[in-house]
Amino acid sequence: MYSLLEKFILSKSDISPEKLEKITSFFIPVTTNRNEILLQYDQVCKYYYFINKGCIRLFTTTKDGADSSRYFAFEGNFATALPSFIDQKPAQEYLQTIEKSELLCITRRDFYYLVKTVPEFAKIYTEILELGFIIAQKRIYGFQGFDALDKVKWLIEYQPQLLLRVSNKMVASYLGISPSTLSRIKSKL
């Protein structure tokens, strides 16, 4: 259950077996169903998740009730509602598993304990934040001035598994286009 997390940590840091065992001891296995909500809008986020199997989506809903997907995380990655996790204010988004998932969960308290006491874990956290920032920036700046076709091409280049594992409706909301437009473009590529 912890081998993928251990592999992730070892890929980011030269860490002793003792410290690796200490880190993993704070993570609790959680199994979820498809479309299970891990965090409701306006709840305070208390957990960080590592994905062993499955997919987590962060999304908001518009005033007319439509979903707007903001982020997807797959196996071997971390996910949380980061602003709420950091500042402990109500989340402005939902956290959901879109597939039956096997997760490793760590509480906020334990997470920050590891950040304070294990320098290698603090370094990994910094890398996670930096990577998330880079992906968000590429999406924001990449989408400025992009038409629907360019957005789909961007997705194929930078996040191809979204098109393979996520519904057209969710992918379209992530790209800011209609599901029918996405279907039409995919059929031409």
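Quick caveat: nothing in here was measured; it's all calculated off a predicted structure.

S.K.: Could you give an account of the environment of Ser167, naming the residues involved and the relevant values?
M.R.: With respect to the helices and strands, the residue Ser167 is situated in the loop between helix 7 (161-165) and helix 8 (168-175). For Ser167, a relative accessible area of 36% translates into the label partly exposed. Taking C-alpha positions, Ser167 is 9.2 Å from Pro179, a pair spaced twelve residues apart along the chain.

S.K.: Outline unusual backbone geometry, supporting the account with residue identities and numerical values.
M.R.: Even without a glycine there, the phi angle at Asn35 is positive, about 60 degrees. Taking the relative accessible area as the measure of exposure, Asn35 reaches 34% and is therefore partly exposed. A positive phi is found at Gln88, a non-glycine position, where the angle reads about 55 degrees. Here Gln88 lies in the loop between helix 3 (82-87) and strand 7 (94-97).

S.K.: Tell me about the sheet that holds strand 1 (residues 28-32), and name the residues and values.
M.R.: Read from one edge to the other, the open sheet built from four strands follows the order 1-8-3-6, with strand pairing classed as antiparallel. If you trace the sheet from one side to the other, it starts and ends with strand 1 and strand 6 (78-79), each paired once. Of the pairings in the sheet, the one linking strand 3 (residues 47-53) to strand 6 comprises two bridges and is antiparallel in character. By the bridge assignment for strand 6, Tyr49 is matched with Ala79. Here helix 1 (residues 3-12) sits on the sheet in contact with strand 3, strand 6 and strand 8 (101-107), set at roughly 110 degrees to strand 3.

S.K.: Got a sec to walk through the side chain of Thr24? Specific residues and values, please.
M.R.: Mapping Thr24 onto the fold places it in helix 2 (residues 17-25). Assessed through its relative accessible area of 8%, Thr24 is described here as buried. Excluding anything up to four places from it in sequence, Thr24 contacts Tyr2, Leu5 and Glu6.

S.K.: Go over the sheet that holds strand 2 (residues 36-39), please, and point to the residues and values.
M.R.: Sheet architecture is open: four strands sit in the order 2-7-4-5, paired in antiparallel fashion. Only two strands of the sheet have a single neighbouring strand rather than two, namely strand 2 and strand 5 (67-74). Within the sheet, the average angular offset between the axes of one strand and its neighbour, ignoring direction, is 30 degrees. Where strand 4 (residues 55-61) lies against strand 7, four bridges are found, and the strand directions are antiparallel. Paired with Phe59 across the bridge in strand 7 is Tyr94. Lying on the sheet, helix 8 is in contact with strand 4, strand 5 and strand 7; it crosses strand 5 at an angle near 105 degrees.

S.K.: Run through the packing of helix 6 (residues 148-158) against helix 8, naming residues and quoting values.
M.R.: At a closest axis distance of 10 Å, the pairing of helix 6 and helix 8 adopts a crossing angle of 110 degrees. Taken together, the axis directions place helix 6 and helix 8 in an arrangement best described as roughly perpendicular. Taken together, the residues of helix 8 that come into contact with helix 6 (itself represented by Lys151, Val152, Trp154 and Leu155) are Val171, Tyr174 and Leu175.

S.K.: Account for the UniProt feature "domain: Cyclic nucleotide-binding" (unreviewed entry) in the protein, with residues named and values stated.
M.R.: Look at the UniProt record and you will see "domain: Cyclic nucleotide-binding" (unreviewed entry) annotated at residues 33-116. Its end C-alpha atoms 33 Å apart, residues 33-116 is made of 18% helix and 46% strand.

S.K.: An account of helix 4 (residues 108-117) is needed here, citing residue identities and associated values.
M.R.: Owing to its 3.6 residues per turn, the α-helix aligns residues three or four sequence positions apart on the same side. Every buried residue of helix 4 is accounted for by Asp110, Phe111, Leu114 and Val115. One face of helix 4 carries all of its buried residues, which in axial projection span an arc of 145 degrees. Pointing more than 90 degrees away from the buried face of helix 4 are the exposed residues Arg109 and Lys116. As for helix 4, its buried residues are in contact with helix 2, strand 3, helix 3, strand 8 and helix 5 (119-143).

The rules behind each value
Residues numbered from 1 in each chain as written. Predicted model: local features only at pLDDT ≥ 70, side-chain atom pairs only at ≥ 80, totals over all residues. Heavy atoms only, no water. Helix = DSSP H or I, 4+ residues; strand = E, 2+ residues; numbered from the N terminus. Buried < 20%, exposed > 50% of the residue type's maximum accessible area, 1.4 Å probe, protein only. Pairing = 2+ DSSP bridges. Contact = heavy atoms within 4.5 Å. Axes fitted to C-alpha atoms, helices over the stretch in contact; angles between N-to-C directions. Parallel < 35°, antiparallel > 145°, perpendicular 65-115°, else oblique. UniProt positions renumbered as here; feature names shortened; annotations may be inferred. Arc of directions from axis to C-beta.

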